[in-house]
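# Reading the structure
What follows is each chain in one-letter form.
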Amino acid sequence: MLGKNSKCLVCGSKVTAEIQGLFDTRFGIKNVWNIGRCIDCGLEQTIPTPSSEELKKLYETFYNFGGEKGTFYTRLRARFLSSVFYRVWLAIDGDVSFHSVKGSGRLLDIGCNEGRGLQIHRANGFEAEGLELNEVAVEEARAKGLTVYAEAVEDFQPEQPYAVVVLSNVLEHSLDPRNMLYHVQRILKPGGKVWISCPNSRSWLRYVFGRYWINWHVPFHIVHFSPEALKRLLQDAGFSVDHIAHKTPALWVAHSIISFLFSKPGHMNRYLRSPFLVASLMLVIRFVLFPLLWLGNLSGHGDCLVVRAKTQR
Ligand SMILES: [Zn+2]
């Protein structure tokens, strides 16, 4: 089932089959994918790996601004994110987007979409700018007065280096995460920091939900990081890792449950966008199941890795 030429995207070693027969539980894209595991560095990756042209088409068709704008769900989300309730929720649920970190200096949010996070980073004291490849999202962000460049980090030549680069649920989408981190390092000033969040491939929820675990997110998630694999990759790219925290956002658990209950191959799962179902599940998960989430985080098997590292220059 693995392609003839399946090689680890990070170290180039051989990849063996780990899980077979995954399908897209969100949008119903018709295909089957597998998860391969590198025999050398242990990194897991989605196979077959889509080409960059295929990915571009998929993002334009299904993702974010390509797929959804001005719906009841997105309006409700926008209102919630700008409210005080969001701050309180982050304190209780865990912040996997670095939205509660205050500070100063130049900050670059890679994959900033239409700039929801940029506005929050600015309110927190940073001179925040963004990179985004989705042109519709870039226009939307610029209309709000935000500075957003429509470039990939690999091609980006900023006038001044940054103090902080944010990769919030971005690195796992990359076809070449090693190269991406190399370029992040290039645009940071000496001692600059990178803040990364991504799903944890060692999450206990992966074993509970199996093929329905929401964070497989094939074919959009290309690499699946364990804490060890991510730490090694960061060190190879010239970073020293300050801290790896485990968080389990109630939203992600709610999405895994909805995926398990309602996702069928070839069909879009509309329940994932049902505000009332998602919100009620989130409240039950956060306030009833919290001991499980807490134990998962404490044992190093949380659903999300939240990493802070700095350049060794
Ligand atoms: Zn490898």
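All of the points below concern the structure found in this document. (Residues numbered from 1 in each chain as written. Predicted model: local features only at pLDDT ≥ 70, side-chain atom pairs only at ≥ 80, totals over all residues. Heavy atoms only, no water.)

## Points about the overall build of the protein
On a plain count of helices and strands, the protein comes out with 12 helices and 11 strands. Scaling as 2.2 N^0.38, a compact globule of 313 residues should have a C-alpha radius of gyration of about 20 Å, and the protein matches this with 19 Å. A burial count over the protein gives 52% of its 313 residues as buried. Considering only intrachain contacts with a sequence separation of at least 6, the fraction spanning at least 24 residues in the protein is 70%. (Helix = DSSP H or I, 4+ residues; strand = E, 2+ residues; numbered from the N terminus. Rg over C-alpha atoms; globule rule 2.2 N^0.38 Å. Buried < 20%, exposed > 50% of the residue type's maximum accessible area, 1.4 Å probe, protein only. Contact = heavy atoms within 4.5 Å.)

## Some words on the coordination of the zinc ion
On the protein side, the zinc ion has Cys8 (SG), Cys11 (SG), Cys38 (SG) and Cys41 (SG) as donor atoms, found 2.3 Å from it. Coordination geometry of the zinc ion: the 4 donor atoms subtend angles of 99 to 121° at the metal centre, consistent with an arrangement described as tetrahedral. (Donors = N, O, S within 2.8 Å, 3.2 Å for Na, K, Ca; no water. Tetrahedral: all angles 85-135°; square planar, octahedral: opposite > 155°, others 65-115°.)

## Looking at empty space enclosed by the protein
All told, the structure shown has 2 cavities of 30 Å³ or more when counted by the stated rule. Of the voids in this model, the largest cavity is the one considered here, and its volume is about 40 Å³. Considering the residues around the largest cavity, the lining is formed by Leu22, Phe23, Asp24, Thr25, Arg211, Trp213, Trp216, His217 and Val218. Residue composition of the lining of the largest cavity, by class: 5 nonpolar, 2 polar and 2 charged. A volume near 30 Å³ is recorded for the second largest cavity. Forming the boundary of the second largest cavity are Glu172, Pro199, Asn200, Ser201, Trp213, Asn215, Val223, His224 and Phe225. Classifying every residue of the lining of the second largest cavity gives 4 nonpolar, 4 polar and 1 charged. (1 Å grid on protein atoms, 1.4 Å probe; cavity = no way out; pocket = protein on both sides within 12 Å on 5 of 7 lines; lining within 4 Å. Points joined across faces, edges and corners; volume = space filled by probe spheres on them. Nonpolar A, V, L, I, M, F, W, Y, C, P; charged D, E, K, R; others polar.)

## Some thoughts on the environment of Ala254
Its location among the elements puts Ala254 in helix α10 (residues 250-262). Remark: the alpha-carbon pair of Ala254 and Ile214, spanning 40 residues in sequence, is separated by 9.1 Å. Each residue touching Ala254, except ones within four places of it in the same chain, is listed here: Val278, Leu281, Met282 and Ile285.

## Examining the pairing of strand β2 (residues 33-38)
With 5 of 6 residues buried, β2 is to be regarded as a mostly interior element. One ladder, built from 4 bridges, connects β2 with strand β3 (residues 44-47); its direction is antiparallel. By the bridge assignment, Asn34 is partnered in β3 with Ile47. (Pairing = 2+ DSSP bridges.)

## Some details on the packing of helix α7 (residues 177-186) against helix α9 (residues 227-236)
Running from amino to carboxyl end, α7 crosses α9 at an angle of 50°, the nearest separation of the two axes being 9 Å. Considering their axes alone, α7 and α9 lie oblique with respect to each other. In this structure, α7 crosses over α9, and the sense of that crossing is right-handed. The residues of α9 that touch α7, namely those facing Pro177, Arg178 and Leu181, are Leu233, Leu234 and Asp236. Here the contact of α7 with α9 is composed, by residue class, of 4 nonpolar, no polar and 2 charged. (Axes fitted to C-alpha atoms, helices over the stretch in contact; angles between N-to-C directions. Parallel < 35°, antiparallel > 145°, perpendicular 65-115°, else oblique. Left-handed = near helix turned anticlockwise from the far one by under 90°.)

## A closer look at the environment of Phe239
Of note, Phe239 is situated in strand β10 (residues 239-247). As a C-alpha pair, Phe239 and Asn179 span 60 residues in sequence and 13 Å in three-dimensional space. If near-sequence neighbours (up to four positions away) are discounted, Phe239 is found in contact with Leu181, Val184, Gln185, Leu188, Val194, Leu234, Ala309, Lys310, Thr311 and Gln312.

## Some details on the packing of aromatic side chains
Tallying each qualifying case throughout the model produces 15 aromatic pairs. With centroids separated by 5.7 Å and ring planes inclined at 85°, the aromatic side chains of Phe23 and Tyr212 adopt a geometry described as edge-to-face. Of this pair, Phe23 sits in the loop between β1 (15-22) and β2 while Tyr212 sits in the loop between α8 (204-209) and β9 (223-224), and the two are 189 residues apart along the sequence. Judged by centre distance (5.9 Å) and plane angle (80°), the rings of Phe126 and Trp195 are edge-to-face. Highlighted residues: Phe126 in the loop between α5 (116-123) and β5 (127-131) and Trp195 in strand β8 (residues 188-199), separated in sequence by 69 residues. In terms of burial, Phe126 and Trp195 fall into one category: buried. Through successive ring pairs, a cluster of aromatic residues spans Phe23, Phe209, Tyr212 and Phe260. A cation sits over an aromatic face here: Arg106 above Tyr162, 4.2 Å from the ring centre. (Phe/Tyr/Trp six-rings, centres within 6.5 Å; stacked < 30°, edge-to-face > 60°. Lys NZ or Arg CZ within 6 Å of the ring centre and 35° of its normal.)

## Observations concerning the nonpolar core
Grouped together as the largest cluster of nonpolar side chains are 36 residues, with contacts concentrated most on Ile110 and Leu167. Elements that contribute at least two residues to this core include exactly β4 (106-110), β7 (162-168), α7, β8, α9 and β11 (304-311). One finds Ile19, Trp33, Tyr63 and Ile258 within the second-largest nonpolar core, a separate group that totals 28 residues. (Core = buried A, V, L, I, M, F, W, Y, C linked by side-chain atoms within 4.5 Å.)

Bear in mind that shape data such as this cannot, by itself, settle questions of function.
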